[in-house]
Amino acid sequence: MRERITFIQKQGDSIEPTTLKIKGGDAEKDGAEEGSDVENDMDVDEADLNGPEIQAAREDRLTIAIDELPTDLQALLGTAHELHIRYVSSQPYEAITPLLARLPPGFHLFYTPAREADATSPALCLALNKVFGNVQCENPQESFATLPRDRFSHSAAYQYYQQSVDFSPFIEYAKERLCSSSKDQSCASRADRLAEASTLDISYDAISHAVKLTATWPYQKQEVHATSRPQTRTEVGVLNSDRPGHVEPHELAISGLLTVLGQDKKPSATMFAFASRHRDAESSFSAEFLEPTGLHPTLKLNLKSSKPPTEDAHCSPHAYFTLPKTIFADRHQLSDDLFLASKNLTGLRYISQPVDLEAPEYVEKRWGSSLLLELSPPEHEKSESWTAQVPLHLRYLSPAEGGYTDIEVPYPAVFWACTAEEGTKFPNNPFEKVNLGYDGLFGPRTVFWHFEPRPATDNSLINTIKVPVLDTNKAEWVSGGTGLAVLLGFAWIVWKLFGVLSKSGYQNQPAQAAEAAKIKKKQ
Amino acid sequence: MATSPAPPRPKPSLLTTLFSRPLPLYLSAFLLRLVLLLYGLWQDANSPLKYTDIDYLVFTDAARFVSRGESPYARETYRYTPILAWLLLPTTWTAGAQWGPLAAKVINTAWFSFGKVLFAAADLVAGWLIERVLVMGTDFPSVSQPQEKEKQNEKERAGGSGNGTTTGTRMDPSRARAFAAIWLLNPMVATISTRGSSEGLLGVLVMALLWAVLSRRITLAGLLLGFSVHFKIYPFIYAPAIVWWMDQERLSGVRGGGGQKKTFFQKITSFLTLPRLNLAITSLTTFLFLNLLMYALYGHTFLQETYLHHVTRIDHRHNFSPYNTQLYLSSASASVPSSSSGLKIESLAFLPQLLLSTILIPLCLAKKDLPTSLLAQTFAFVTFNKVCTSQYFLWYMVFLPLYLPRSSFLRGKRMGVAALGLWVLGQGLWLQQAFELEFLGRSTFLPGLWMASLGFFVMNCWILGVIVGDGGR
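Model, not experiment: these values are computed from the prediction.

Thresholds, definitions, all that
Residues numbered from 1 in each chain as written. Chains lettered and ligands numbered in written order. Predicted model: local features only at pLDDT ≥ 70, side-chain atom pairs only at ≥ 80, totals over all residues. Heavy atoms only, no water. Helix = DSSP H or I, 4+ residues; strand = E, 2+ residues; numbered from the N terminus. Contact = heavy atoms within 4.5 Å. Areas by Shrake-Rupley, 256 points an atom, 1.4 Å probe, with all protein chains shown as cover. Rg over C-alpha atoms; globule rule 2.2 N^0.38 Å. Buried < 20%, exposed > 50% of the residue type's maximum accessible area, 1.4 Å probe, protein only. Lys, Arg positive; Asp, Glu negative; His and termini not counted. Charge placed at Lys NZ, Arg CZ, Asp CG, Glu CD. Axes fitted to C-alpha atoms, helices over the stretch in contact; angles between N-to-C directions. Parallel < 35°, antiparallel > 145°, perpendicular 65-115°, else oblique. Left-handed = near helix turned anticlockwise from the far one by under 90°. Nonpolar A, V, L, I, M, F, W, Y, C, P; charged D, E, K, R; others polar. Core = buried A, V, L, I, M, F, W, Y, C linked by side-chain atoms within 4.5 Å. Buried area = accessible area lost by both parts, 1.4 Å probe. Salt bridge = Lys/Arg side-chain N within 4 Å of Asp/Glu carboxyl O. Polar contact = N/O pair within 3.5 Å; in protein donor to acceptor, adjacent residues only side chain to side chain. Disulfide = S-S within 2.5 Å. Phe/Tyr/Trp six-rings, centres within 6.5 Å; stacked < 30°, edge-to-face > 60°. Lys NZ or Arg CZ within 6 Å of the ring centre and 35° of its normal. UniProt positions renumbered as here; feature names shortened; annotations may be inferred. Expected span 1.5 Å × (residues − 1). Patch = residues over 30% accessible without salt bridge, like charges linked within 9 Å, V, L, I, M, F, W, Y side chains within 5 Å. Pairing = 2+ DSSP bridges. pLDDT = per-residue confidence, 0-100. 1 Å grid on protein atoms, 1.4 Å probe; cavity = no way out; pocket = protein on both sides within 12 Å on 5 of 7 lines; lining within 4 Å. Points joined across faces, edges and corners; volume = space filled by probe spheres on them.

Novice: Any chance you could break down the overall build of chain B for me, citing the residues and the numbers?
Specialist: Regarding its fold elements, chain B presents 24 helices and zero strands. Summarising the internal contacts of chain B: among those between residues at least 6 apart in sequence, 74% fall at separations of at least 24. When the accessible surface of chain B is split by element, carbon and sulfur atoms take 70% of a total near 21,200 Å².

Here is the structure:
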């Protein structure tokens, strides 16, 4: 097990190495236990680091080898070639370099089964429900969306998304199964802190044979504090982004202090530079629905800037949506250039398949759909704020009391996609994140410059729509009333038909007249 | 009629010149469609709001799949026979490289509009067939001729325009054209086909079927019947009416064994005439042949999309049908496995619909007045259907010119205006509720939409009752 704890400050905010107090470590092994409130005094590796209160974002990354996991999790991961769970908080947060990769808020899952049969097995869904509580899935084949694998080999086979997932079952699970003992208070309290995380990633792939658990907390005032855990190599970094002259324009530079707990007596200064797949566009956007929403709501994106983030590359703005099954986009509607242009859209670049255009929400099994839209910014020299409109459609929802049901639609991820120079190597980035859903839809040398999502109204990156549904309070008479009306209408027509029959039979009148004439003649 | 004053003798007006010869009517019907078609092209090219119907994009997408050697069902929501996609193959053609960019654009647009031209042309042919049927008359061309002459003379004496005096018989061409104009110059019909909806094709098929039956072209009628049912299912309701109408007397002019009492067996054998068997065999063979061919080509998807879809569809979205609210309600509770309910009225919905449109109406009316029977059957089918949109109204509208000359609605002008007014008002009320739901997001399902659809249904039943009464006279 390895752990990496990183505090990241903004450019220019560095701290003095002397402000970091390190306890434990080889040199001070004997004094390590002093003043420690850890009850388990067998843990001689215990060490900690304390520093001042700083304004920073925090990232914790725990790497666990598969054989260190509880056996049921081992069995579950055995069904996966790769599995990435990414949770993003609906609370807006400021992301700082280099923790810039963004996704729509909610619970995202990307999965490639180890064998074909794993795609139809309910094992994964059962496990997800055990760990996360309320994930609405039956088996990957039925409940997940298939991702285009032919496009770029690096994307997973299946995608799942759910807007609201309660994390308390996961935290309880983590405390119970991942913390070494119930008495391990620091582990438990760290697990509790996951509830405040702005992102949480659980990533596994069969090649590395390890699970990476990464959580980030937003840029805020916090104390620098870290404790090592038994049998765990813990590395603590207090870093800040830097911009020294010798770094290439497409690279990010990071400098700061690194300490390996229980090993280093004092922090060592470090500085490194790397190409990052995700960058900050230094602009923001908000999303809101145009009123009235009706059954065909339009989501309006308000973007602060129309100027590409870099002039060295070809860039175009995109919006990536994960839409719950209550709402969807019609790819046929998004194929007419004139229509798209009127909404400041360039085109629909991807939509998960299949999207049923007719089914009501209550019969739809799939979680929803994801789509990637290319936006078309105004072509002016000067940067200006602009909007794009995304036409969407609601499914019919189940009847409900009062005649309305609220649905929640997450913000998209909005970014400039720019082509990077030939030969750029992203994997050197220690904060690299892949398999986000949209990255697999672009070439491997694409850089994403993210707009920061800002809430339009409440302090949330979720928009709510009031959807009209059949009011069950008034539905009492529907069955009887419909039946009665149909019966009356039917009876009225049968009565009229009976009138015809009794008056003149079913034969043709002239024929009958002729018949009658004949009979008369005979007489 | 007795209460209204005798109509004045019409002066030669623009209207009479429009109908006195064929050219002015058909030319204006053609020009109406041409103008709408060109206007549609302009609107499509200049406005994000499209004139072209969504369905047309479905057809043409399907045709594109076919042109690439794929199945038309590769296009989602394509729920039609592959023949439609084949017919529209020219919409996928493009200009060759020898043309300049402007010329190429014009040629491509023209080819893309091929389907609309086809549908609009079908409208015109349907209109022409309406005129033919009216002129031909619907009964005993040979037997009733003297009677007919007499009536015509009578009519001329009365002032030439006396409506309601001709019962199921021949009509002079200019008067026939005036009634055909109800279809030919109907803006709703012209708009629907130039927007690219295929209902116009059904109009021509059904009218050709009636024309073939009335002119005793039985094999042709069988082919048309089989083909139309393959094309859109609902024309199967015409089969019992036609078979019932085709009795011995009518087809041969010979009265078979009048006066004598027949045994049950004799009745059966005399019912199974050669023409009836011919119709049954040709139509069934055509229908089966086409379906087997399509099944061989496209397999189960063909069956699923064209036919089975109509069995399994939920029809939960708001439409004119009286069953709609009930269907929405029950489809949602059906998805919750725990809920149980007793007898579901929607599962019996087909009963009144099929009883009326395939048995009761043809039995009572077909022998008396075949076109009115077909109109009443179609009207009943659409009114009692589990799903009903305004395109379905075209299905019965094609028969109106054949029925109206003898209808209570024309005889009593006030009744006619009331019926038309109520029909429009019924839709208007419903549309207003639907607009509030669809665009303003108000929950108008109950009571608004439900009441509006029931009101429209009741009003339609009243109209249908009047039609039935007229057909029995």
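Novice: Provide a residue-level description of the overall build of chain A, including the pertinent values.
Specialist: When helices and strands are tallied, chain A shows eight helices and 24 strands. For chain A, the C-alpha radius of gyration of 31 Å lies well beyond 24 Å, the compact-globule estimate for 523 residues. Along the three orthogonal principal directions, the C-alpha set of chain A runs to about 140 × 60 × 40 Å. Scored against the burial criterion, the 523 residues of chain A give a buried share of 55%. For chain A, the exposed surface amounts to about 23,900 Å²; the carbon and sulfur share of it is 50%. Side chains of chain A carry 51 positive and 71 negative charges; the gap between the two charge centres is 10 Å.

Novice: Mind laying out the packing of helix α6 (residues 114-136) of chain B against helix α10 (residues 199-214) of chain B, listing which residues take part and the relevant values?
Specialist: Packed helix pairs are specified by the crossing angle of their axes together with the interaxial distance, meaning the distance between the axes. Residues and elements named next belong to chain B. With their axes 8 Å apart at the nearest point, α6 and α10 run at an angle of 25° to one another. Taken together, α6 and α10 sit at an angle that is classed as roughly parallel. Crossing hand, α6 versus α10: left-handed. For the pair α6 and α10, the contacting residues are Phe119, Ala122, Asp123, Val125, Ala126, Leu129, Ile130, Arg132, Val133 and Met136 in the first and Gly200, Leu201, Gly203, Val204, Met207, Ala208, Leu210, Trp211 and Leu214 in the second. Partitioning the contact of α6 with α10 into residue classes produces 15 nonpolar, two polar and two charged.

Novice: Could you give an account of the nonpolar core, naming the residues involved and the relevant values?
Specialist: Judged by nonpolar contacts, the single largest core of 184 residues is most densely connected at Leu301 of chain A together with Phe399 of chain B. The dominant element in this core, judged by the number of residues it contributes, is helix α24 (residues 445-471) of chain B, at 15 residues. What Phe399 of chain B contacts, discounting residues up to four positions off in sequence, is Val206, Met207, Leu210, Tyr238, Pro371, Leu374, Leu375 and Thr378 of chain B. Counting 45 residues, the second largest nonpolar core, distinct from the first, contains Ile66, Tyr111, Tyr173 and Ala197 of chain A.

Novice: Mind laying out the interface of chain B and chain A, listing which residues take part and the relevant values?
Specialist: Listed as interface residues are 66 residues of chain B and, on the opposing side, 56 residues of chain A. Of the roughly 5,200 Å² buried at the junction of chain B and chain A (both faces included), carbon and sulfur atoms supply 67%. Taken together, the connections running from chain B to chain A amount to three salt bridges. For the salt bridge of Glu358 of chain A with Arg79 of chain B, the shortest nitrogen-to-oxygen distance reads 3.1 Å. The tally of links between chain B and chain A comes to 20 residue pairs in polar contact (both at pLDDT 80 or more). Sort the elements by how many residues they give to the side of chain B that touches chain A and α24 of chain B lands first, with 13 residues. Its residues placed into classes, the side of chain B that touches chain A shows 34 nonpolar, 16 polar and 16 charged.

Novice: Requested: an account of the state of the cysteines, with residues and values cited.
Specialist: The term disulfide refers to a covalent linkage connecting the sulfur atoms of a pair of cysteines. What the rule picks out here adds up to two disulfides over all chains. Between the sulfur of Cys315 of chain A and that of Cys418 of chain A lies a disulfide, 2.0 Å long from S to S. Here the disulfide of Cys315 of chain A and Cys418 of chain A is right-handed, its torsion about the S-S bond being about 115°. Of this pair, Cys315 of chain A sits in strand β15 (residues 315-324) while Cys418 of chain A sits in strand β22 (residues 413-419); the two residues are 103 residues apart in sequence, bridging distant segments of the chain. The pair Cys315 of chain A / Cys418 of chain A is uniform in exposure class, with both members buried. Not part of a disulfide, Cys388 of chain B finds its nearest cysteine sulfur in Cys461 of chain B, a span of 12 Å. With a relative accessible area of 4%, Cys388 of chain B lands in the buried category.

Novice: Give me the lowdown on the side chain of Arg279 of chain A, citing residues and values where you can.
Specialist: Residues and elements named next belong to chain A. Tracing the chain through its elements places Arg279 in strand β13 (residues 278-289). We note that Arg279 is buried and unpaired, the nearest opposite charge coming from Glu282 at a distance of 7.5 Å. Leave out the neighbours within four places in its chain, and Arg279 touches Leu100, Pro249, His250, Glu251, Leu252, Val447, Phe448, Trp449 and His450.

Novice: If you had to explain the environment of Leu470 of chain A to someone new, which residues and values would you point to?
Specialist: Structurally, Leu470 of chain A is set in the loop between β24 (462-468) and α7 (478-504). Among the residues examined, Leu470 of chain A registers a relative accessible area of 0% and is labelled buried.

Novice: Can you break down the packing of aromatic side chains residue by residue, with the values?
Specialist: The geometry of an aromatic ring pair comes down to the distance between the two centres and the angle between the two planes. This model, assessed by the stated rule, comprises 51 aromatic pairs over all chains. Every member of this aromatic cluster is reached through a ring pair, and the members are Tyr56, Phe59, Tyr73, Tyr78, Tyr80, Phe112, Phe119, Phe287, Tyr298, Phe302 and Tyr307 of chain B. The ring centre of Tyr404 of chain A lies 4.5 Å from the NZ or CZ of Lys466 of chain A, which sits over that ring.

Novice: Tell me about the UniProt feature "transmembrane region" (unreviewed entry) in chain A, residues and numbers included.
Specialist: The sites that carry the UniProt feature "transmembrane region" (unreviewed entry) are, in the present numbering, residues 477-498 of chain A. End C-alpha atoms of residues 477-498 of chain A are separated by 31 Å, and the span's content is 95% helix alongside 0% strand.

Novice: Pulling in residues and values, what's your account of helix α23 (residues 413-438) of chain B?
Specialist: Across its 26 residues, α23 of chain B extends 37 Å between first and last C-alpha, which sits within 8% of the 38 Å expected from 1.5 Å per residue. For α23 of chain B, every residue scored as buried is listed here: Gly416, Ala419, Trp423, Gly426, Gln427, Trp430, Gln433, Ala434, Glu436 and Leu437 of chain B. Turning to α23 of chain B, the residues buried within the fold contact β24 of chain A together with α20 (393-397), α22 (408-411) and α24 of chain B.

Novice: Explain a nonpolar patch on the surface residue by residue, including any values.
Specialist: Residue and element names in this part refer to chain B. Where nonpolar side chains cluster on the molecular surface, the patch consists of Phe264, Ile268, Phe271, Leu272, Leu274, Leu277 and Ile281 and spans about 720 Å² of accessible area. Counting residues per element, the ones that place at least two in the nonpolar patch are α14 (264-271) and α15 (274-298). Checked against the element boundaries, Ile268 lands in helix α14.

Novice: Help me get a handle on the pattern of salt bridges, residues and values and all.
Specialist: Residue and element names in this part refer to chain A. Applying the stated criterion across every chain yields a total of 29 salt bridges over all chains. For Lys365, the salt bridge goes to Glu142, with nearest N and O atoms at 3.9 Å. On the criterion of sequence distance, the pair formed by Lys365 in the loop between β17 (345-351) and β18 (368-375) and Glu142 in helix α3 (residues 140-143) is long-range, its members being 223 residues apart. Accessibility expressed as a relative area gives 33% for Glu142, which makes it partly exposed. Three or more residues joined by partner-sharing salt bridges are found here, namely Glu3, Arg58, Asp60 and Arg190.

Novice: Describe the side chain of Thr358 of chain B, and please don't skip the residues or the numbers.
Specialist: All names here are of chain B. In this fold, Thr358 is placed in helix α18 (residues 350-365). Judged by relative accessible area, which is 16%, Thr358 ranks as buried. A polar contact is formed between the side chain of Thr358 and the backbone oxygen of Leu354, at a distance of 2.5 Å. Excluding its chain neighbours within four sequence positions, the residues that come into contact with Thr358 are Phe236, Ile237 and Pro240.

Novice: Could you give an account of the sheet that holds β13 of chain A, with specific residues and numbers?
Specialist: Within a sheet, neighbouring strands are paired by backbone hydrogen bonds and run either parallel or antiparallel to one another. Residues and elements named next belong to chain A. Pairing is mixed in the open sheet, where eight strands are placed in the order β17-β18-β15-β22-β23-β13-β14-β19. Single-partner strands in this sheet number two, and they are β17 and β19 (386-391). On average, each strand axis in the sheet is tilted by 30° relative to the strand beside it, whichever way the strands run. Taken together, the seven bridges between β15 and β18 define a ladder with antiparallel strand orientation. Each bridged residue has a counterpart across the sheet, and for Thr322 the counterpart in β18 is Ser370.

Novice: Explain the confidence of the model for chain A to me, using residue names and the numbers behind them.
Specialist: For chain A, the average pLDDT comes to 83, and 91% of its residues sit at 70 or higher. Predicted confidence is poor over residues 27-44 of chain A, with pLDDT under 50, and the contacts of this stretch with residues over four places away or in other chains come to 11 contacts.

Novice: Account for empty space enclosed by the protein, with residues named and values stated.
Specialist: According to the stated counting rule, one finds 10 cavities of 30 Å³ or more in the structure shown. The computed volume of the largest cavity comes to approximately 260 Å³. Residues belonging to the lining of the largest cavity are distributed by class as follows: 18 nonpolar, no polar and no charged.

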